Amino acid sequence: MSGSDATMNAPVAAAIVLAAGEGTRMKSATPKVLHEIRGRSMLGHVLAAVRGAAPARVAVVTGAGRTAVERHLADADPDALAVFQPSQDGTGHAVQLALAALDEAGPIDGTVIVVPGDTPLLSAASVRALARHRAETGAACVVLTANVPDPTGYGRVVRDRSGRVRAIVEHVDASDAEREITEINSGVYAFDGAKVRSALNLVGADNAQAERYLPDVVRIFVKDGERVAAALIDDWREVAGVNDRVQLAAADAMLRDRLVTAIMRSGVTVIDPATTWVDVGVEIEPDAVILPNTLLFGATRIATGARVGPNCSLTDTVVGEYALVRDATCEGARIGPQAQVGPYTYLRPGTALMRKAKAGGFVEMKNAVVGEDSKVPHLSYVGDATIGERTNVGAATVFVNYDGVEKHHSEVGDDVRIGSDTMIVAPVTIGDGAYTAAGSVVVDDVPPGALAVARGRQRNVEGWVEKRRPGSPAARAAEATRSGSRPSEADRDNRNSPPVDESGGSTTP
Ligand code: UD1
Ligand code: CA
């Protein structure tokens, strides 16, 4: 079966998602179906696929971790009916309870889809195709099957010589010969609602797990001469079940491949798909470029022409057209068109860089608006601040926003020059066109066009080293220089000494 042949919708009376199992093999305090891949719970993925077939009603069977699952459901799919299965007596029992609960609001008649909660890669197209298959054949059951490289653990599809499905046998109950079968039960079915309801009454628990297996209805249908069909899926990966953390990582990688492939097909350049991780909610416009080792989480959006990466982690962040973002961690930030971020930059929630603004190397920002063409190029912290346009903030400037009890806000105007190593002690306002002297601790407002100097005057104590540190390397160097016996620049260069930083500590925009 190919997902793409599902062009028209067949009516679906109900969909039942099975999510009561403990997920013992996950070895987790979190219920299995709440584990996430690519920014959405497994249950959320399954519900999205199921909703794609437009079922009239949806039921989710909960059990282990009931409270957490129900809370999640209220948020993820509030229209779904939560059905509690007090003890996990098997998938057949779970469906029976779900049908009974759904029947309370009028008996379910027509196609009923059943999907396990731990098959997160299932596509809506496949669910639709399955429903259509049942509608067209009138079968009591169409089971979605797959040929898998390693069928261990799955129920096997037993067919007769003419290829008709006879039964589904669980791995633990299977004979050696049956275990050779590579066609497995995906756990996804389209049933005739009335027929599965009555067949379930006949399902016992006489098996290795003493559970009432849903797949046992296949044998019952066959015995009753009902039609059972199998729809073999093209790509087995779509129905890969997740029972442990190894399978969780594998499913995550498969979904990553699917999402990144779709992004590339839509016109985005992805230099290294294997190290590009994109959540389901991420949107990237054509002609953006994603460089290696880039993680895009949540509702991150990237506009056309932007370059993001290498080594970026963006969560709920908006990147404008032609912006450059590299080696950066950004959370809840808005990066404007043609803005520049990085390298080694941390933008926290509430950061907004306007057009052509810059947050350079080793800069952290939080709750800060940086106006158009303004730059914070090096080693600074900007917290709780508004910076105007065309302003430059010198290296090692700190917006001192926290007095130990409360956070305070600072304002910096347009065309301001903040000298290197200025401490802006909030709340403070620095007017348009003002300057601050390097090393200033600014505690008072600075009027427009003023220079704020707030630092001790320099005093040189002549001869201090030779007097107080006699015989030290420093004293010898000072003495040599003063007596004119110090080696020349050229001699020093010849000894391969490390370069001397001649800068006075100022920084350029
Ligand atoms: C099940 C199928 C198997 C199929 C495989 C596909 C049965 C008996 N076996 O095996 O044929 O190949 O899925 O992945 O159905 N659940 C409940 N209530 C219960 C038991 C399970 O809601 O009492 C839920 C689980 O939470 C899970 C799903 O049903 O989401 C499947 O249960 P699981 O224990 O994972 O079954 P498998 O052993 O994987
Ligand atoms: Ca399973």
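Residues numbered from 1 in each chain as written. Chains lettered and ligands numbered in written order. Predicted model: local features only at pLDDT ≥ 70, side-chain atom pairs only at ≥ 80, totals over all residues. Heavy atoms only, no water.

Any chance you could break down the confidence of the model for the protein for me, citing the residues and the numbers?
For the protein, mean pLDDT is 94; residues scoring 70 or higher make up 94% of the total. Low pLDDT, under 50, characterises residues 2–6; the predicted model gives this stretch ten contacts beyond four residues in sequence or across chains. This stretch, residues 500–506, has a pLDDT under 50; its non-local contacts, to residues over four places away or in other chains, come to two contacts. (pLDDT = per-residue confidence, 0-100. Contact = heavy atoms within 4.5 Å.)

Pulling in residues and values, what's your account of the coordination of the calcium ion (ligand 2)?
Within the first shell, the calcium ion (ligand 2) binds the protein through Asp118 (OD) and Asn243 (OD1), at distances of 2.4 to 2.7 Å. Residue Asp118 is found in the loop between strand S6 (111–116) and helix H4 (124–137), and its partner Asn243 is found in the loop between strand S11 (228–232) and helix H8 (245–265); the two are separated by 125 residues along the sequence. Like Asn243, Asp118 is buried. (Donors = N, O, S within 2.8 Å, 3.2 Å for Na, K, Ca; no water. Helix = DSSP H or I, 4+ residues; strand = E, 2+ residues; numbered from the N terminus. Buried < 20%, exposed > 50% of the residue type's maximum accessible area, 1.4 Å probe, protein only.)

A description of the packing of aromatic side chains should follow, citing residues and the corresponding values.
Given two aromatic rings, their pairing is described by the distance between the two centres and the angle made by the two planes. Evaluated as defined, the whole model comprises two aromatic pairs. Ring geometry for Tyr189 versus Phe191: centroids 5.1 Å apart, planes at 20°, classification stacked. Here Tyr189 matches Phe191 in class, with each residue buried. Here Tyr344 and Phe362 contribute two aromatic rings whose centre-to-centre distance is 5.2 Å and whose plane-to-plane angle is 25°, an arrangement assigned as stacked. One end of the pair, Tyr344, is in the loop between strand S24 (340–341) and strand S25 (345–347); the other, Phe362, is in the loop between strand S27 (358–361) and strand S28 (364–370), with 18 residues separating them in the sequence. Residue classification places Phe362 among the exposed residues on the basis of a relative accessible area of 54%. Above the ring of Trp277, the side-chain terminus of Arg256 is found at 4.2 Å from the ring centroid. (Phe/Tyr/Trp six-rings, centres within 6.5 Å; stacked < 30°, edge-to-face > 60°. Lys NZ or Arg CZ within 6 Å of the ring centre and 35° of its normal.)

Please provide a residue-by-residue account of the state of the cysteines, values included.
In this structure the tally under the stated criterion is zero disulfides. Cys330 takes part in no disulfide bond, and the closest cysteine sulfur to it belongs to Cys312, at a distance of 6.5 Å. (Disulfide = S-S within 2.5 Å.)

Which residues make up the pairing of strand S30 (residues 381–387), and what values do they have?
Along S30, six of the seven residues are buried, which leaves the element largely enclosed by surrounding structure. Here S28 runs beside S30; their pairing, made up of six bridges, is parallel. Each bridged residue has a counterpart across the sheet, and for Met365 the counterpart in S30 is Val382. Here S30 pairs with strand S33 (residues 410–412) via three bridges, running parallel. Directly across from Ala385, in S33, lies its bridge partner Ser410. (Pairing = 2+ DSSP bridges.)

Residues and numbers for the site of ligand 1, please.
For ligand 1, the set of nearby residues contains 23 residues, the closest of which are Gly21, Gln85, Thr91, Glu170 and Asn185. A distance of 2.7 Å separates an oxygen atom of ligand 1 from a polar backbone atom of Gly21. Contact distances for ligand 1 include 2.8 Å between an oxygen atom and a backbone N or O atom of Gly90. Taken by itself ligand 1 offers 750 Å² of open surface, and the protein chains cover 89% of this. Secondary structure elements with two or more residues in the shell around ligand 1: strand S1 (12–19), helix H3 (91–103) and strand S10 (183–192). Tallied by class, the residues present in the shell around ligand 1 amount to eight nonpolar, ten polar and five charged. (Near = heavy atom within 4 Å. Polar contact = N/O pair within 3.5 Å; in protein donor to acceptor, adjacent residues only side chain to side chain. Areas by Shrake-Rupley, 256 points an atom, 1.4 Å probe, with all protein chains shown as cover. Nonpolar A, V, L, I, M, F, W, Y, C, P; charged D, E, K, R; others polar.)

Describe in detail the packing of H3 against helix H6 (residues 193–200), supporting the description with residues and values.
Packing of H3 against H6 brings their axes to within 10 Å, and their N-to-C directions diverge by 125°. The angle between H3 and H6 falls in the class oblique. Remark: the crossing between H3 and H6 carries left-handed chirality. For the pair H3 and H6, contact is made by Gly92, Val95, Gln96, Leu99 and Asp103 and by Val196, Arg197 and Leu200, respectively. Partitioning the contact of H3 with H6 into residue classes produces four nonpolar, two polar and two charged. (Axes fitted to C-alpha atoms, helices over the stretch in contact; angles between N-to-C directions. Parallel < 35°, antiparallel > 145°, perpendicular 65-115°, else oblique. Left-handed = near helix turned anticlockwise from the far one by under 90°.)

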